[in-house]
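Per-entry structural report
Below, each chain spelled out in residue letters.
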Amino acid sequence: MSVEQRRIVLASRASQLAQVQTNIVLDVLKSAFPGRDFGTSFMSTQGDKDQSQALYLLEGKSFWTKELEVALLEGEVDMLIHSLKDVPTTLPEGCALGAILEREHGEDSLVVKKGYTINGKQVHTLDDLPPGAVIGTSSVRRVAQLKRRYSDLIFKDVPKRGNLNTRLSKLDDPNGPYAALILAKAGLVRLGFGDRVTSDILAPTLFHAVGQGALAVEIRANDVEAHQLCDALTHWQTSWRCLAERACLRILEGGCSVPVGVHSELVPSPGDVREGRLRLVGTITAIDGQRHVEREIDGEVSSPEHADELGTQLAKALIATGGRELLDEITKDREQRVGQVNEREN
Ligand SMILES: NCc1[nH]cc(CCC(=O)O)c1CC(=O)O
């Protein structure tokens, strides 16, 4: 082994979830490359500092990643560890996705207030909740889709102050407004709150966000060594599913985040080959839940480019069957809300 091997620095936002995620990737790298030197660096980003601003309306999603990407491109750090769903579908020049790790939980989950009962019965699912119950979530995707089936529940923003612990304590406060929260299961599990999940909310009730539940490593596109290290992190099935999901969103959003939900499956072909059958369902839902476009595509894939192509085809099918009108309306609504205090979640 060369004595010249450079130290590889992993970086992420400073949030509790981001730090846990970076340490997950660090552990995998350390055990795959025991002789190498790895370090970490945690930074607060514009999105962390300026949570009350309508940044996403003005700038798209990149405010979570921009400062980190500057540090990456300047060579201060070598790998950015992200929740893939927070990574814009188009990366800056010079940056590349080096790895997508195995997705264990892509779905959204319901977390019911502790001790919340109806007629002496513990509440587990959305169906158990009474009309008028208040559900906390700041995600337009979740609200839009759930309004379709649960028109008599009330959906209320959750201020994203503090860590998950704080939000869960607020949920459990007997005088607090919420009967339940909806959160990405992956985040809950990684932070050790998996036991708070009272039920999963699965497609077709709720299609999760593109890339949800998967960790991604962003590197300098020309960093050959980082690419090699990333190969040990990649889970190709998750990676191809997510590349298809992201290709679909890239076509649909045209720069803005929209209430798009997805569901994907990849059944590998027999034998030790990188190929399989990929099925992808995509949805676009009007903000008020009134209209909803849903399309499905599947095909044999044997490369990331194939997966990307399938996602692109799905986006085109969605656009052709009512999606165009929905996207235009969502863009108009977004323009009207610019300037209002809001925060992005997906
Ligand atoms: N929207 C913020 C965000 N970004 C990633 C996760 C969770 C982890 C993941 O999806 O990988 C969350 C929290 C949530 O949506 O509940």
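Residues numbered from 1 in each chain as written. Predicted model: local features only at pLDDT ≥ 70, side-chain atom pairs only at ≥ 80, totals over all residues.

Heads up, the rule is: UniProt positions are given in the numbering used here, feature names are shortened, and annotations may be inferred rather than shown by experiment.
The name recorded for the protein chain in an unreviewed UniProt entry is Porphobilinogen deaminase, from Multifurca ochricompacta. Of the comments in the UniProt record for the protein chain, the one headed Catalytic activity (unreviewed entry) reads "4 porphobilinogen + H2O = hydroxymethylbilane + 4 NH4(+)".

1. Focus on the overall build of the protein chain
In plain terms, the rule: The numbering of helices and of strands both runs from the N terminus, where a helix is a DSSP run of H or I of at least 4 residues and a strand a run of E of at least 2. Three exposure classes are used, based on other C-beta atoms lying within 10 Å of a residue's own C-beta, which is placed from the backbone: buried for 20 or more, exposed for 12 or fewer, and partly exposed in between. A residue pair is marked as a contact if its C-beta atoms, positioned from the backbone, fall within 7 Å.
Looking only at helices and strands, the protein chain has 10 helices and 15 strands in total. Sorting the 346 residues of the protein chain into buried and exposed places 41% on the buried side. For the protein chain, contacts bridging at least 24 residues in sequence account for 73% of all contacts bridging at least 6.

2. With respect to the sheet that holds strand β10 (residues 180–184)
The pairing of strands in a sheet happens through backbone hydrogen bonds and is either parallel or antiparallel. Note the threshold: Being paired, for any two strands, means DSSP has found at least two bridges between them. Throughout, an axis means a line fitted to C-alpha atoms (over the contacting stretch in the case of helices), and angles, computed between N-to-C directions, take values from 0 to 180 degrees.
Strand order in this open sheet of 5 strands is β9-β8-β10-β5-β11, and the pairing throughout is mixed. In this open sheet, the two strands that pair with only one neighbour each are β9 (154–156) and β11 (199–201). Ignoring which end each strand starts from, the neighbouring axes of this sheet average 30 degrees apart. Where strand β8 (residues 134–136) and β9 come together, 3 bridges link them in parallel fashion. The partner of glycine 136 across the bridge, within β9, is lysine 156.

3. Considerations on the domain arrangement of the protein chain
Put simply, the rule is: Note that the domain bounds were set by an automatic or database domain assignment. Each residue gets one label: Ala, Val, Leu, Ile, Met, Phe, Trp, Tyr, Cys and Pro are nonpolar, Asp, Glu, Lys and Arg are charged, and the others, such as Gly, are polar.
What the domain assignment reports for the protein chain is domain 1 (1–104 + 212–234), domain 2 (108–201) and domain 3 (235–346). The interface is formed by 8 residues belonging to domain 1 together with 8 residues belonging to domain 2. Classifying every residue of the side of domain 1 that touches domain 2 by side-chain character gives 2 nonpolar, 5 polar and 1 charged.

4. Overview of the site of the ligand
Here is the rule: Any residue whose C-beta atom, as placed from the backbone, lies within 6 Å of a molecule or strand is termed near it.
Lining the immediate environment of the ligand, one finds 11 residues, of which Ser83, Leu183, Ala184, Ala186 and Gly187 sit closest. Of all the elements in the fold, those that place two or more residues in the shell around the ligand are β10 and α7 (185–190). Here the residues of the shell around the ligand sort into 3 nonpolar, 5 polar and 3 charged. Built from parts of two domains, the shell around the ligand gets at least three residues from each of domain 1 (1–104 + 212–234) and domain 2 (108–201).

5. Topic: the confidence of the model for the protein chain
Going by this rule: pLDDT measures the predictor's confidence residue by residue and takes values from 0 up to 100.
The pLDDT averaged across the protein chain works out to 91; a share of 90% of its residues lies at or above 70. Across residues 52–59, where pLDDT falls below 50, the model places 18 contacts with residues more than four positions away in sequence or in other chains. ipTM for the predicted complex: 0.96, alongside a pTM of 0.92.

6. Structural notes on the nonpolar core
Going by this rule: Remark: nonpolar core denotes a set of buried Ala, Val, Leu, Ile, Met, Phe, Trp, Tyr and Cys residues whose joining runs through C-beta atoms within 7 Å.
Among the nonpolar cores identified, the biggest contains 60 residues, and Met79, Ala216, Val217, Ala244, Cys248 and Leu252 are the most heavily contacted of them. Residues contacting alanine 244, with those up to four places away along its chain left out, are Ser264, Leu278, Leu280, Ala307, Asp308, Leu310 and Gly311. Counting residues in each nonpolar core, the second largest holds 19 residues, with Tyr178, Ala180, Ala186 and Leu188 among its members.

7. Examining the sheet that holds strand β14 (residues 276–285)
One open sheet holds the 3 strands; their spatial order is β13-β14-β15, and the pairing between them is antiparallel. The open sheet terminates on both sides in strands that have one partner only, identified here as β13 (260–268) and β15 (292–301). Here the strands of the sheet are splayed against their neighbours by 10 degrees on average, with no regard to which way each runs. Two strands pair when backbone bridges link them, and β14 and β15 are joined in this way by 10 bridges, in the antiparallel orientation. Note that in β15 the partner of valine 281 across the bridge is glutamate 296. The strands touched by helix α9 (residues 236–253) are β13, β14 and β15; relative to β13, the strand with the most contacts, the crossing angle is about 150 degrees. Contacts between helix α10 (residues 304–337) and the sheet are confined to β14 and β15, with β15 contributing the most and set at about 165 degrees to the helix.

8. Some words on helix α1 (residues 16–32)
Applicable threshold: Here the expected length of a helix is defined as 1.5 Å per residue gap, with one fewer gap than residues. In this context, the arc is that of the directions from the helix axis out to the C-beta atoms.
For α1, which comprises 17 residues, the first-to-last C-alpha distance of 25 Å matches the rise-based estimate of 24 Å (1.5 Å per residue) to within 8%. Those residues of α1 that sit buried are Ala18, Gln21, Thr22, Val25 and Leu29. Down the axis of α1, the buried side of the element spans an arc of 100 degrees, and every buried residue falls inside it. Exposed and oriented more than 90 degrees from the buried face of α1 are Asp27 and Ser31.

9. Thoughts on unusual backbone geometry
For the peptide bond that leads from alanine 203 to proline 204, omega is 5 degrees, which places it in the cis range. Residue placement: proline 204 occurs in the loop between β11 and β12 (215–220). One non-glycine residue, asparagine 119, lies in the positive phi region at around 50 degrees. Structurally, asparagine 119 can be placed in the loop between β6 (117–118) and β7 (121–122).

10. A few points about the environment of alanine 179
Mapping alanine 179 onto the fold places it in the loop between α6 (164–172) and β10. A tally of 22 C-beta atoms within 10 Å means that alanine 179 is categorised as buried. Counting along the chain gives 44 residues from alanine 179 to isoleucine 135, while the straight-line C-alpha distance between them is 6.0 Å. Here alanine 179 is in contact with Val112, Lys113, Tyr116, Leu129, Ala133, Val134 and Ile135, once residues within four sequence places are set aside.

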